[in-house]
Structures are given as C-alpha cells and as structure tokens.
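What follows is each chain in one-letter form.
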Amino acid sequence: MRSLIGAIVGVICLAVPAVAQTPAAIVEDVQGKVDGIAFMDYVAPGKIIKLGPKASVTLSYLKSCLRETISEGVVLVGAEQSTVQLGDVQRVKVPCDTNAAQLSERQANQSAATTFRTMRSDTKGAPAKLPTIYGVSPMVQAKSGSTLVIERTDGKEPTISVPLKSEIMVGGKFYDFSKAGKSLTPGGTYLAILGAKRYTFQVDSSATSSPTPIVGRLLRLE
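A brief look at the structure comes next. (Residues numbered from 1 in each chain as written. Predicted model: local features only at pLDDT ≥ 70, side-chain atom pairs only at ≥ 80, totals over all residues. Heavy atoms only, no water.)

**Regarding the sheet that holds strand 14 (residues 218-220)**
Cut-off, in case you're wondering: Only strands joined by at least two bridges in the DSSP assignment are considered to pair. We count a stretch as a helix when DSSP gives it H or I for four or more residues in a row; a strand needs E for two or more, and each element gets its number in order from the N terminus. Helix axes use the C-alpha atoms of the stretch in contact, all axes being lines fitted to C-alpha atoms, and the angles between their N-to-C directions lie in the range 0 to 180 degrees.
Here we have three strands laid out as an open sheet, ordered 11-8-14, and mixed in their pairing. Single-partner strands in this sheet number two, and they are strand 11 (174-176) and strand 14. With strand direction ignored, the average angle separating the axes of adjacent strands in the sheet is 15°. As paired strands, strand 8 (residues 139-141) and strand 11 are joined by three bridges and run antiparallel to one another. Bridge pairing in strand 11 places M139 opposite D176.

**Brief notes about the sheet that holds strand 13 (residues 197-203)**
Within a sheet, each strand pairs with its neighbour through backbone hydrogen bonds, oriented either parallel or antiparallel. Sheet architecture is open: five strands sit in the order 7-13-12-9-10, paired in mixed fashion. Since the sheet does not close on itself, it has two edges, and those belong to strand 7 (132-133) and strand 10 (160-163), each with one partner. Relative to strand 13, strand 7 runs parallel, the two sharing two bridges. Residue pairing for strand 13: I133 is matched across the bridge by V203.

**Structural notes on the packing of aromatic side chains**
The following threshold applies: Pairing of aromatic rings covers Phe, Tyr and Trp, the last counted by its six-membered ring, and requires centre-to-centre distances within 6.5 Å; plane angles under 30 degrees mean stacked, over 60 mean edge-to-face, and any other angle means tilted. Burial status follows relative accessibility: with a 1.4 Å probe on protein chains alone, a residue under 20% of its type maximum counts as buried, one over 50% as exposed, and anything between as partly exposed.
This model, assessed by the stated rule, comprises three aromatic pairs. The interplanar angle of 55° and the centroid separation of 6.0 Å between the aromatic rings of Y42 and F174 together place this pair among those described as tilted. You can see Y42 sitting in strand 2 (residues 42-43) and its partner F174 sitting in strand 11, a full 132 residues away along the chain. The interplanar angle of 20° and the centroid separation of 5.8 Å between the aromatic rings of Y190 and F201 together place this pair among those described as stacked. Of this pair, Y190 sits in strand 12 (residues 189-194) while F201 sits in strand 13, placing them 11 residues apart in sequence. Neither Y190 nor F201 differs from the other in exposure class; each is buried.

**Here's the deal with the state of the cysteines**
Cut-off, in case you're wondering: To count as a disulfide, a pair of cysteine sulfur atoms needs to be within 2.5 Å.
By the definition in use, this model includes one disulfide. Residue pairing for C65: its cysteine sulfur links by disulfide to C96, the two sulfurs lying 1.8 Å apart. Residues C65 and C96 are joined through a disulfide that is left-handed, its torsion about the S-S bond being -85°. Within this pair, whereas C65 is found in the loop between strand 3 (48-61) and strand 4 (66-76), its partner C96 is found in the loop between strand 6 (88-93) and helix 2 (98-101), the two being separated by 31 residues in sequence. With relative accessibility at 6%, the residue C65 sits in the buried group.

**Brief notes about the environment of V203**
Note the following rule: Throughout, a residue-residue contact means that at least one pair of heavy atoms, one from each residue, lies within 4.5 Å.
Relative to the elements of secondary structure, V203 occurs in strand 13. Residue class for V203 comes out buried when judged on its relative accessible area of 2%. Considering only alpha carbons, one finds V203 and P131, 72 residues apart in sequence, at a separation of 8.6 Å. In contact with V203, not counting residues within four places along its chain, are T132, I133, G135, V136, L184, T185, P186, G187, G188 and Y190.

**Here's the deal with the side chain of R217**
The residue R217 is located in the loop between strand 13 and strand 14 in this model. Judged by its relative accessible area of 9%, R217 falls in the buried class. If near-sequence neighbours (up to four positions away) are discounted, R217 is found in contact with I133, G135, S137, P138, M139, D176, S178 and T212.

**Considering unusual backbone geometry**
Of note in the backbone geometry, M40 takes a positive phi value of approximately 70° without being a glycine. Taking the relative accessible area as the measure of exposure, M40 reaches 1% and is therefore buried. Positioned with a positive phi, L86 is a non-glycine residue whose angle comes to about 60°. Within the secondary structure, L86 sits in the loop between strand 5 (83-85) and strand 6. Assessed through its relative accessible area of 41%, L86 is described here as partly exposed.

**Overview of the side chain of S60**
Which entries qualify depends on this criterion: We define a polar contact as two N or O atoms separated by no more than 3.5 Å, with the added condition that, inside protein, one atom must be a possible hydrogen donor and the other a possible acceptor, whereas residues neighbouring each other in sequence contribute only through side-chain atom pairs.
Looking at the secondary structure, you find S60 in strand 3. According to the relative accessible area criterion, S60 is buried, its value standing at 0%. There is a polar contact of 2.8 Å between the side chain of S60 and the side chain of E28. With residues near it in sequence (within four places) discarded, S60 still touches A24, A25, I26, E28, L66, R67 and V215.

Below you can see the structure in the form of structure tokens.
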C-alpha cells in the first residue's frame, strides 16, 4: 500500500502545474496521522496531503463553500474541491460568503477613512449586500498583539474590545468568539476595527448559536 501511495503521489506531482500560493481551503479538523498540516492551516491549490490509516481531514473551500471530510488516501487540493485517490470523500455545500472569508485579500490596503465595503448601490439601485457570516460567533483572523473592536452600526449593543494576546489565539492567528463565549446578534450589521483598518460585515438573520462550519463564520482581517 505504501508503494502504491508513493506512486500515486509521484504521478500527481508530475501532473500539477506551478500555481500561485493563494489559499484555496482551510483545515477545519484533523484526526489521526496527517503530516504537514494542522487545524486552521490554509492550503493552496496543488497541495498534496497523505492520510495514514484511519486518518481523516476536513477541508472547507473558500471559493466554492464546499466542506469535505476525507478519510485515508492521497488528497490533491484544487481551487474549488479536492481530488482524492485511495480514500473516501464526503462533500456538502455549506452557507458561506466568499467576500467575508477573504476580506484581507481584497482590502489589504484599506485606509482608516473607509470601510471594507460601503453601502453603495448596485446597477439596479438596490443596496449592495455586505459580506455576511452565518454564525453568531465569528472566527476572526487577526495579528496577535493588536486590539480587535466590534461595534454594531444598525442598533444599540455593547462594544466588544478584545486585546489579542497570543495565549488566546487559535493557531497563533485566529480569535474564536465561540471559544471565548462571545456572540453577535442575528441580522445585525457591524464594524470591525483593527488598528487603522475598518471592515463592515453583517450576521445572517438566520444565524444561530449552534455549531457552524468555520468557513461560514470566518472573517480574515489580516
């Protein structure tokens, strides 16, 4: 079996072209022996993951909103889904917003005078939809050592201010509102402030406090 896996990996390596290292998916869970990746790692197209016996990994794709649970075998990460050899994959489409999941990539140079996306109108005159999360407790990617401030903009609600100390960050770069016992209000619109940057987002009106896939509540601010 090991030699067969090695042969498959070799063929995959020959077939995979050079690609930019833009993250395609985030690792939501790792079980068993899986080398080279960990919980909350980003993986780029072309990444090869070898799963040992009884090992599994859960990948959530940022663009397609596909959540894959893969057991054993060899995984080739794609742009929107994985290719799996000698293993089993279960896919489900989950609620997520690619605009929310990739805030930092789209607004890396945002100034203090503007927000991530204003309420400008679309071509038909309707307000443009804000980036949306589908859980009341966001998973926020931000630099440790900074302070994260969350303010509600469409109603009265206590401001949340969190010093992002390294010991409370998941994987050294994520602050999990769920783990901290904090939550926002379904249907609310919020301003996230991180240093000189400001980002506007909203919580889906049907969001609940029940466990939600990370990709559906992910806000990448750094």
